[in-house]
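Structure assessment
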Amino acid sequence: MLLNLPQELRDQIFTLVCLAAREPPHPSTCRIEHRRTCEEYDFSRAPIARDRVWFERRALENPMLSLLLVNHQVHQEAQDVLRRISDPPNYAIDVMFLKDGTLWPTWLSVPKLRRNLGNMYAQFRVFCPPNYLQTLHTDDPYGSEDPGPPPIVWLFYHLLSGFLRNGPLALDRNEDDGGFTVQHLILDFLPASEKGILPFASFIQYFKEVDDMVAPSDVGNNPTRGADESLLAAEYFAHFIRALLLRLLNLKPTAMKYGRILYENVGDIEIRIDGQFKWRLGIPEMLSKLSFGDNLGPSRVVTPEQRFWHWKQVALARRRKAGLPVERE
């Protein structure tokens, strides 16, 4: 009997239950009827690709729910353990990227809901989609005839901004009330499941264009030569996401409304390849050095430069309030 165990042992059991992580899924276990998209919501401001991110339909469950329903004593002890678990809590999510240009995110660990998080670990895995997961998309996610970034760029922005605004509740909320803050965002890109999955040429072209614009002096930009193709796919994938983040953080006029959420809600970003550190994007330092440059458009009331400096002060204040690191100016 559980209650016959010593208190210390029960506390350890309750802690293990609370921190237990789900196993990441495999495409063979996923079903479209168990997922849904969020194209009707505007929380990400992504104009396209909302119908390419397939969230779980099922509601997020409290890992301690079964214990909380046992009896009054176990309920109280489980609540005490929840309160003692690290605050801010750490979250983990798995993101499957399928070759057809769709994302399938699955929350692995959400010990308790909080708006201010510690570490947010996101692992990215690449697969060929099985036939029964083939969606109705026939357009090329890596190219677009319209001006602006291709769908593949908006795909990841939709996922990132959706989390920062609504956390694990992306399907249940459609509001902008400050969102979720993350002290340390860790993006880990794992080797692809098989060869020939990623169109290397499309990724190379994108991150070369962005690197030329925002990081020309970064000598670490060349992907590893002679690497195993599955690991090379992870590295190119990581380069692509890094390029996207750099474009957002550069905060050019066309990107300001999309990129400012990173400055307001994220402490810093670490990028890994197969668990090994690759880059750190130091957001506090970048925000400190950020200055007004380009014309953001005409204004009869407030100049674009005044709007920029006002936003920067608001962003710094929000970071301090959330306990995110701020560089001294």
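Within every chain, residues take consecutive numbers counted from 1 along the sequence as written. Since the coordinates come from a predicted model, pLDDT governs what is reported: local features require at least 70, and pairs of side-chain atoms require 80 or more to be given and counted, while whole-chain, interface and lining totals use all residues. Remark: hydrogens and water are excluded; side-chain values derive from all non-hydrogen atoms of the structure.

Here's the deal with the sheet that holds strand β3 (residues 91-98)
The strand order across the open sheet built from six strands is β4-β3-β5-β6-β7-β8, with neighbouring strands paired in mixed fashion. In this open sheet, the two edge strands, each paired with only one partner strand, are β4 (102-109) and β8 (276-281). The mean angle between the axes of side-by-side strands here comes to 20°, regardless of whether they run parallel or antiparallel. Only strands joined by at least two bridges in the DSSP assignment are considered to pair. Numbering of helices and strands runs from the N terminus; a helix is a DSSP stretch of H or I covering at least four residues, while a strand is a stretch of E covering at least two. Note that β3 and strand β5 (residues 116-127) share eight bridges and pair parallel. Each bridged residue has a counterpart across the sheet, and for L98 the counterpart in β5 is F127. Only heavy atoms matter for contacts: two residues are in contact if any of them lie within 4.5 Å across the pair. Axis angles are defined between N-to-C directions and span 0 to 180 degrees, where every axis is a line fitted to C-alpha atoms and, for a helix, only to the segment in contact. Taken strand by strand, helix α4 (residues 151-166) contacts β3, β4, β5, β6 (181-189) and β7 (266-273), and its axis lies near 25° from that of β4.

Observations regarding the packing of α4 against helix α6 (residues 229-249)
One way to put it is that α4 packs onto α6 with a least axis distance of 11 Å and a crossing angle of 75°. By the angle between their directions, the pair α4 and α6 is classed as roughly perpendicular. Mapping the contact onto sequence places I152, V153, F156, Y157 and L160 in α4 and F237, F240, I241, L244, L245 and L248 in α6. Looking at the contact of α4 with α6 residue by residue, the classes come out as eleven nonpolar, no polar and no charged. For this classification, under 35 degrees means roughly parallel, over 145 means roughly antiparallel, 65 to 115 means roughly perpendicular, and everything else is oblique. As a working rule, the residues Ala, Val, Leu, Ile, Met, Phe, Trp, Tyr, Cys and Pro are called nonpolar, Asp, Glu, Lys and Arg charged, and the rest polar, with Gly in that last group.

Focus on the pairing of β5
For every residue, the accessible area obtained with a 1.4 Å probe (protein chains only) is divided by the maximum for its type, and the residue is called buried under 20%, exposed over 50%, and partly exposed between those limits. Of all twelve residues making up β5, nine are buried, and the element is well covered by its neighbours. Bridge count between β5 and β6: eight bridges; the pairing is parallel. Bridge pairing in β6 places N119 opposite H184.

Some points on the packing of aromatic side chains
Aromatic rings from Phe, Tyr and Trp, taking only the six-membered ring of Trp, are treated as a pair when their centres fall within 6.5 Å; an angle between ring planes under 30 degrees marks them as stacked, one over 60 as edge-to-face, and anything in between as tilted. Applying the stated rule across the entire model yields 17 aromatic pairs. For the pair F308 and W309, a centre-to-centre distance of 5.0 Å together with 80° between the ring planes defines the contact as edge-to-face. Its relative accessible area of 4% is what places F308 among the buried residues. The cationic tip of R242 hangs over the ring face of W279; the distance from NZ or CZ to the ring centre is 4.8 Å. We count a charge as sitting over a ring when the NZ of a lysine or the CZ of an arginine lies within 6 Å of the ring centre and within 35 degrees of the ring normal. Directly above the ring of W279 sits K278, whose terminal nitrogen or CZ lies 5.6 Å from the centroid.

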